[in-house]
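# Residue-level structural notes
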Number of protein chains: 2
Amino acid sequence: MDTSPQATSKYAVGVDFGTESGRAVLVDITTGRELASSVYEYANGVIDETLPGTTITLEPDWALQDPNDYLEGFKTTIPAVLAESGVNPDDVIGIGIDFTACTMLPTKADGTPLCFLPQWRNTPHAWVKLWKHHAAQPEANKLNQIARELGYTFLDRYGGKISSEWFFPKAWQILDEAPEVYAAADRLLEAADWVVWQLTGVETRNECTAGYKAIWSKHEGFPPNAFFKALDPRMEHIVDEKMSRTLSPLGARAGGLTEEAARWTGLNRGTPVAVANVDAHVTVPAASVLEPGQMVIIMGTSNCHMLLGTEERNVPGICGVVQDGIIPGFPGYEAGQSCVGYSFAWFVEQCVPAPYMRQAEARSLNVHQFLEEKAALLKPGESGLLALDWWNGNRTILVDVDLTGVLLGLTLATKPEEIYRALIESTAYGTRIIIDNFKANGIPVKEIVAAGGLPERNKLLMQIYADVTGLPIRQTGTSQGGAFGSAMHGAVAADKEAGGYASIFEAARYMARLREEAFIPIPDNKEIYDQLYREYVTLHDYFGRGANDVMKRLKRLREEVLAEPK
Amino acid sequence: MDTSPQATSKYAVGVDFGTESGRAVLVDITTGRELASSVYEYANGVIDETLPGTTITLEPDWALQDPNDYLEGFKTTIPAVLAESGVNPDDVIGIGIDFTACTMLPTKADGTPLCFLPQWRNTPHAWVKLWKHHAAQPEANKLNQIARELGYTFLDRYGGKISSEWFFPKAWQILDEAPEVYAAADRLLEAADWVVWQLTGVETRNECTAGYKAIWSKHEGFPPNAFFKALDPRMEHIVDEKMSRTLSPLGARAGGLTEEAARWTGLNRGTPVAVANVDAHVTVPAASVLEPGQMVIIMGTSNCHMLLGTEERNVPGICGVVQDGIIPGFPGYEAGQSCVGYSFAWFVEQCVPAPYMRQAEARSLNVHQFLEEKAALLKPGESGLLALDWWNGNRTILVDVDLTGVLLGLTLATKPEEIYRALIESTAYGTRIIIDNFKANGIPVKEIVAAGGLPERNKLLMQIYADVTGLPIRQTGTSQGGAFGSAMHGAVAADKEAGGYASIFEAARYMARLREEAFIPIPDNKEIYDQLYREYVTLHDYFGRGANDVMKRLKRLREEVLAEPK
């Protein structure tokens, strides 16, 4: 019997489609070892100024993408990981993908994006609407109002409010502003499902995006046609006309690679492709989290909180709860903070004085490292500062984009590193209030597993999160949670017969791991942060729950002022 | 008749003793023309680390000065203005001085500062306590508590609270911590009065510092001995033992220059010297303000608000009201903001990013000018920001050093110039709430006259103050309000017989003037600022009047944390 790992190993490829780039990773499915990874920066990136190749200007809050960038992602990254690893395509048993969501587009019946067609190329609504396209806020507001007025209870599954980022506000915006595009769109679908369609030739719809972004539930399905009719009579049959009621569970096989997709990727025709997934959600099994009690936080520019429960409960202010939406057999809860790394980056760009820049440079540190080093010398409570982490509004639990950041406790002695630390602390309080909110609604959280880019880069942040939440924090073994989790799903899509796994549980047992290092709450720090957190909650409720709506009034005033001629 | 101005002109010298330097100006008393000015930077500056020539370390919050620096000020600046102007000492008819207050020192009976004597030279309490020596806070707290408990109404004249900066807390600190210095001090007096003593050989005490800083009033005199006994039995006779109940009105002649002082200054022996004055107060006649309704604001690192009334009223939170304390015949009101230019300087030092520094440098602008230029392009309300101007606590109307700064409305799009403008605006709101407080207590304010360093340097600030307060603002003609006002008092001390003036009113008629340029409120801006000001007041009261004492709790926590070993 040949026992050389080379001969017996099987591999899976995961592809993670992010906001700025696509990333592939090739993983040994028996050991979880990552053999190669490759990144493709989208040529057209985030389209928020002018439509590519034109002078057509986009309105504020628009954010589009070019579907061709996703195809280029496949064509670039998968051949690259094969070449780098030297793995034989015969040993690649499955592919999984994950995507930002809701990132959606209109296509023809054969899957051709409308924006690929000359007659629609200059029409912004024909392109992909990226998750952070926020221009459908009027539609979201109307949708929420109508749903409330008509007594639809589906809002309860989504913390009481449907976001402007989600599927139906975006679809409705197309109808509102470009009815001809809406009419020409045979299909409206998530980019996640679209790329799987391009690989397999088969149109599938995954339960995860349907559940979290398109108001679908296993028990209730989509909202009834009457609801869509109430929004706009032309939308009455949107689900049946432009979507599908047939949804596929995570880990299922969508199909095999087409001849063409095999050419793009260098993989074999017929290689199993998993049903699409969402970047945050697919990270959960990559973080070895397969049961209730552990919260996975994907930390980056924003934070995404993923948690399994034992039964479906309505929790105020969360992004959503979907049965089997993360891991089969459990209701999966999603919550979020819309401003974490964003505010640190804002601070470094707008507020760090020249001498700090020079000192960091002299020591070959980036400014974040330099500030982290200085901030780490401070004790909790030493700065006298307290911040509300709302530079980008509040997602969970207030679900209010019109809230804004606060910095309190400033004195003439306040130093940049103190503000930097206060910003980090504020995001930790924001996470704690989300955890407390879950607990108060009967969903326990006993441990945190951190994923995403921030945990690796900022140990101070990790310790502060541990101290503030009072929970131990571990980190995913992989630094590419999304792509790795997708590879796991690729192995599940391959199934036993092709040398893969029967379930995501089995895949996790072999592939997923956590780092040894853990961040344990320091009792003295915890005690001080408990005091500071109480102050945070008081201000959170004062500014966020209607006692003083000054932030909204300032925003409205700002809009009025900007609307006037200069 | 010889009409050449040279032959008929008479001159007065004003000397202004500031925090870092002394400044003399020589003024033509018939035209108000400033012929020469000269600055002396104190050799020992503000002494807040170690006692000069020793390794003796001062505690935090201490701030001392060296009285020799004041004498050097005379010896340097007065000869310099004589030389620069070419004026004949025979034509200099009077000298006036003004000083920071309460800046006080212990001396022997002949006026020799204790710190000049070898046996006391190494004792910190033997030196001058500068106005911003804040280490007598425990004494101030006890004094206020005892005064309230015993029902003394004098607190009402000072907005309800005696500051730690004032005379009796400082004197009491000497007694508390260095009873041997207290015992050795034959006299305790304002440095203002001490320098006049040095010039004239006559010990006088001016009504202004007595009234504003030493709890004296024309009607009630000093607090009774029983009060001082209640503080500390050893202090029972402080007024009679170490001070004086004989006080001199502003503009009176303290005496003539001694032989020695004539040698120091190059002026004639016997040249009349006016009774000492305070820098802010002496600026009022220099600003042509001699009747109720006009508020003089001396704008610099902090703001000082001077206002005449028609009758003495108790106004909550002001620094004090003193009959004849500014201009004879009127009760003079003083209020203040402890953080104006300070916060702009803090911002420039701690928060302005490197690219702004480079752009400013490339255009040969200082950073303040660069930020002002960018901030001036913004419309009121455009930034969406609102700040509470408490980086250095709040003087009027909350009288609370434990309040701290707030910045609200921050987003990822917030720019440095927006924060800079919000800081300026916050200080304008701080001035408006002081004006509104005066108005609410029956003391009208119809116009503002700005003095000090800021108005010249920042036109945007002036317009914002006009827009926020809804009042027209004019500027003093002189840029040296203190020294100029002192020269006016020198001319009054000389009196008619020596070619001077019979009163400060007469002096003002000839000498004082305002600039032509005025800042008039822009109605559209006023309307927006009215809205923002209402938001400011809501936050001011919420954080400042006990609804949420988070700032104090954060400060206390900070102190506790810092007190622990690292």
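Keep in mind that what you see is a predicted model, and the values were worked out from it rather than measured. (Residues numbered from 1 in each chain as written. Chains lettered and ligands numbered in written order. Predicted model: local features only at pLDDT ≥ 70, side-chain atom pairs only at ≥ 80, totals over all residues. Heavy atoms only, no water.)

Let us look at the overall build of chain A. For chain A, the count of helices and strands is 21 helices and 20 strands. Its C-alpha atoms give chain A a radius of gyration of 23 Å, near enough to 24 Å, the size a compact globule of 566 residues would have. With 566 residues in all, chain A has 63% of them scored as buried. Contacts in chain A between residues far apart in sequence, at least 24 positions, make up 72% of those at least 6 positions apart. When the accessible surface of chain A is summed, it comes to about 19,700 Å², and 49% of that surface belongs to carbon and sulfur atoms. (Helix = DSSP H or I, 4+ residues; strand = E, 2+ residues; numbered from the N terminus. Rg over C-alpha atoms; globule rule 2.2 N^0.38 Å. Buried < 20%, exposed > 50% of the residue type's maximum accessible area, 1.4 Å probe, protein only. Contact = heavy atoms within 4.5 Å. Areas by Shrake-Rupley, 256 points an atom, 1.4 Å probe, with all protein chains shown as cover.)

A few words now on the packing of aromatic side chains. Taken as a whole, this structure holds 53 aromatic pairs over all chains when the rule is applied. Here Tyr42(A) and Tyr70(A) contribute two aromatic rings whose centre-to-centre distance is 5.8 Å and whose plane-to-plane angle is 75°, an arrangement assigned as edge-to-face. Taken together, the residues Tyr42(A) in the loop between strand 3 (34-41) and strand 4 (64-65) and Tyr70(A) in helix 2 (residues 67-85) connect sequence positions 28 residues apart. Using a relative accessible area of 5% as the deciding quantity, one classes Tyr42(A) as buried. Tyr70(A) sits in the buried class, given a relative accessible area of 0%. Above the face of the Tyr182(B) ring, Lys242(B) is positioned so that its terminal group lies 4.7 Å from the ring centre. (Phe/Tyr/Trp six-rings, centres within 6.5 Å; stacked < 30°, edge-to-face > 60°. Lys NZ or Arg CZ within 6 Å of the ring centre and 35° of its normal.)

Before going further, it helps to examine the interface of chain B and chain A. Opposite the 58 residues of chain B that make contact, chain A presents 58 residues. Taken together, both faces of the contact between chain B and chain A bury some 4,700 Å²; the carbon and sulfur share is 63%. Of all residues in chain B, Gln350(B), Lys379(B) and Leu412(B) bury the most surface against chain A, accounting for 14% of the area lost on that side. On the surface where chain B and chain A come into contact, there are two salt bridges. Note that Glu535(B) is salt-bridged to Arg553(A), the shortest N-O span being 2.4 Å. Inspection of the chain B/chain A interface yields 19 residue pairs in polar contact (both at pLDDT 80 or more). Looking at the side of chain B that touches chain A, the elements that each hand over two or more residues are helix 12 (341-350), helix 13 (354-362), strand 17 (405-410), helix 15 (416-440), helix 20 (523-544) and helix 21 (550-563) of chain B. Its residues placed into classes, the side of chain B that touches chain A shows 34 nonpolar, 14 polar and 10 charged. By the bridge criterion, five bridges tie strand 17 (residues 405-410) of chain A to strand 17 of chain B in an arrangement that is antiparallel. Paired with Leu410(A) across the bridge in strand 17 of chain B is Gly405(B). (Buried area = accessible area lost by both parts, 1.4 Å probe. Salt bridge = Lys/Arg side-chain N within 4 Å of Asp/Glu carboxyl O. Polar contact = N/O pair within 3.5 Å; in protein donor to acceptor, adjacent residues only side chain to side chain. Nonpolar A, V, L, I, M, F, W, Y, C, P; charged D, E, K, R; others polar. Pairing = 2+ DSSP bridges.)

Here we come to a negative patch on the surface. Together, Asp524(A), Glu527(A), Glu559(B), Glu560(B) and Glu564(B) make up a negatively charged patch on the protein surface. Counting only elements with at least two residues in the negative patch, the list comes to helix 20 (523-544) of chain A together with helix 21 of chain B. (Patch = residues over 30% accessible without salt bridge, like charges linked within 9 Å, V, L, I, M, F, W, Y side chains within 5 Å. Lys, Arg positive; Asp, Glu negative; His and termini not counted. Charge placed at Lys NZ, Arg CZ, Asp CG, Glu CD.)

Phe438(A), Phe543(A), Phe438(B) and Phe543(B) are the most contacted members of the largest nonpolar core, which totals 150 residues. Once you skip the residues sitting within four places of it in the chain, Phe543(B) turns out to touch Leu408(A), Leu539(A), Phe543(A), Leu388(B), Trp390(B), Leu403(B), Asn548(B), Asp549(B), Val550(B) and Met551(B). (Core = buried A, V, L, I, M, F, W, Y, C linked by side-chain atoms within 4.5 Å.)

Let us now look at the sheet that holds strand 15 (residues 331-337) of chain B. All names here are of chain B. Ordered in space as 14-15-13-12-18-19-20, the seven strands form an open sheet in which the pairing is mixed. The open sheet has two free edges, formed respectively by strand 14 (320-323) and strand 20 (514-519), since each of these has just one partner strand. Averaged over all adjacent pairs, the angle separating strand axes in this sheet is 25°, with direction ignored. Of the strand pairs in this sheet, strand 12 (residues 293-299) and strand 13 (residues 303-308) are connected by five bridges, and their pairing is antiparallel. Within strand 13, the position partnered with Val-296 by the bridge is Met-306. (Axes fitted to C-alpha atoms, helices over the stretch in contact; angles between N-to-C directions.)

A few words now on the pairing of strand 13 of chain B. Residue and element names in this part refer to chain B. Counting buried positions along strand 13 yields six of six residues, so the element is predominantly enclosed. The side-chain alternation of strand 13 yields two buried faces, one formed by Asn-303, His-305 and Leu-307 and the other by Cys-304, Met-306 and Leu-308. In textbook terms, the turn of a hairpin is the stretch between consecutive antiparallel strands, and for strand 12 and strand 13 this stretch comprises three residues. One ladder, built from six bridges, connects strand 13 with strand 15; its direction is antiparallel. Along strand 15, the bridge assignment pairs Leu-308 with Gly-332.

So, on to the relation of the copies chain B and chain A. Superposing chain B onto chain A requires a rotation of 179° together with a translation of 0.1 Å along the rotation axis, leaving an RMSD of 0.2 Å. In short, the pair behaves as if placed about a two-fold rotation axis. Interface residue correspondence from chain B to chain A reaches 100%, placing this contact among same-surface, isologous pairings. (Least-squares fit on C-alpha atoms with pLDDT ≥ 70 in both.)

All right, on to the pattern of salt bridges then. Residue and element names in this part refer to chain A. As enumerated under the stated definition, the model contains 54 salt bridges over all chains in all. Of the charged contacts in the structure, one is a salt bridge between Arg-432 and Asp-436, with a shortest N-O distance of 3.7 Å. Taken together, the residues Arg-432 and Asp-436, both in helix 15 (residues 416-440) and four residues apart, mark about one turn of the helix. The exposure class of Arg-432 is buried, given its relative accessible area of 14%. Residue classification places Asp-436 among the partly exposed residues on the basis of a relative accessible area of 26%.

Quick look at the packing of helix 12 (residues 341-350) of chain A against helix 14 (residues 367-376) of chain A now. Residues and elements named next belong to chain A. For the pair helix 12 and helix 14, interaxial distance at closest approach is 11 Å and the crossing angle is 100°. With respect to their mutual orientation, helix 12 and helix 14 come out roughly perpendicular. Taken together, the residues of helix 14 that come into contact with helix 12 (itself represented by Phe-344, Ala-345, Phe-347 and Val-348) are Val-367, His-368 and Leu-371. Considered class by class, the residues forming the contact of helix 12 with helix 14 number six nonpolar, one polar and no charged. (Parallel < 35°, antiparallel > 145°, perpendicular 65-115°, else oblique.)

This part is about unusual backbone geometry. Across the chain, the bulk of peptide bonds are trans and the bulk of non-glycine residues have phi less than zero. Of note, the bond from Ala101(B) into Cys102(B) is cis; its omega dihedral lies within 30 degrees of zero at -10°. Of note, Cys102(B) is situated in the loop between strand 5 (92-99) and strand 6 (104-107). Of note in this structure, Asp495(A) is not a glycine but carries a positive phi near 70°.

Residues and elements named next belong to chain A. Spatially, 14-15-13-12-18-19-20 is the arrangement adopted by the seven strands of the open sheet, whose pairing is mixed. In this open sheet, the two edge strands, each paired with only one partner strand, are strand 14 (320-323) and strand 20 (514-519). Averaged over all pairs of adjacent strands, the angle between their axes in this sheet comes to 25°, without regard to strand direction. Alignment of strand 19 (residues 473-476) against strand 20, held across three bridges, turns out to be antiparallel. Within the sheet, the bridge partner assigned to Ile-473 lies in strand 20 and is Phe-519.

On to the confidence of the model for chain A. Across chain A, the average pLDDT comes to 95, with 99% of residues at 70 or higher. Throughout residues 1-6 of chain A the model reports pLDDT below 50, and contacts reaching past four residues in sequence, or to other chains, amount to two contacts. (pLDDT = per-residue confidence, 0-100.)

If you trace the backbone, Pro353(A) turns up in the loop between helix 12 and helix 13 (354-362). Note on Pro353(A): relative accessible area 1%, which makes it buried. Contacts of Pro353(A), omitting those with residues within four sequence positions, involve Pro416(A), Glu349(B), Gln350(B), Cys351(B) and Val352(B).

Moving on, we come to the side chain of Thr414(A). With respect to the helices and strands, the residue Thr414(A) is situated in the loop between strand 17 and helix 15. Looking at Thr414(A), its side chain comes within polar contact range of the main-chain nitrogen of Thr411(A), at 2.8 Å. In contact with Thr414(A), not counting residues within four places along its chain, are Leu385(A), Gly409(A), Ile419(A), Trp346(B) and Gln350(B).

Glancing now at the packing of helix 20 of chain A against helix 21 of chain B. Two packed helices can be described by the angle between their axes and the distance between those axes. Direction vectors running N to C along helix 20 of chain A and helix 21 of chain B enclose 165°, while the axes themselves pass 11 Å from each other. The orientation of helix 20 of chain A with respect to helix 21 of chain B, classified from their angle, is roughly antiparallel. Viewed along their axes, helix 20 of chain A and helix 21 of chain B form a crossing whose handedness is left-handed. On helix 21 of chain B, the residues that touch Ile528(A), Gln531(A), Leu532(A) and Glu535(A) of helix 20 of chain A are Val550(B), Arg553(B), Leu554(B), Leu557(B) and Val561(B). (Left-handed = near helix turned anticlockwise from the far one by under 90°.)

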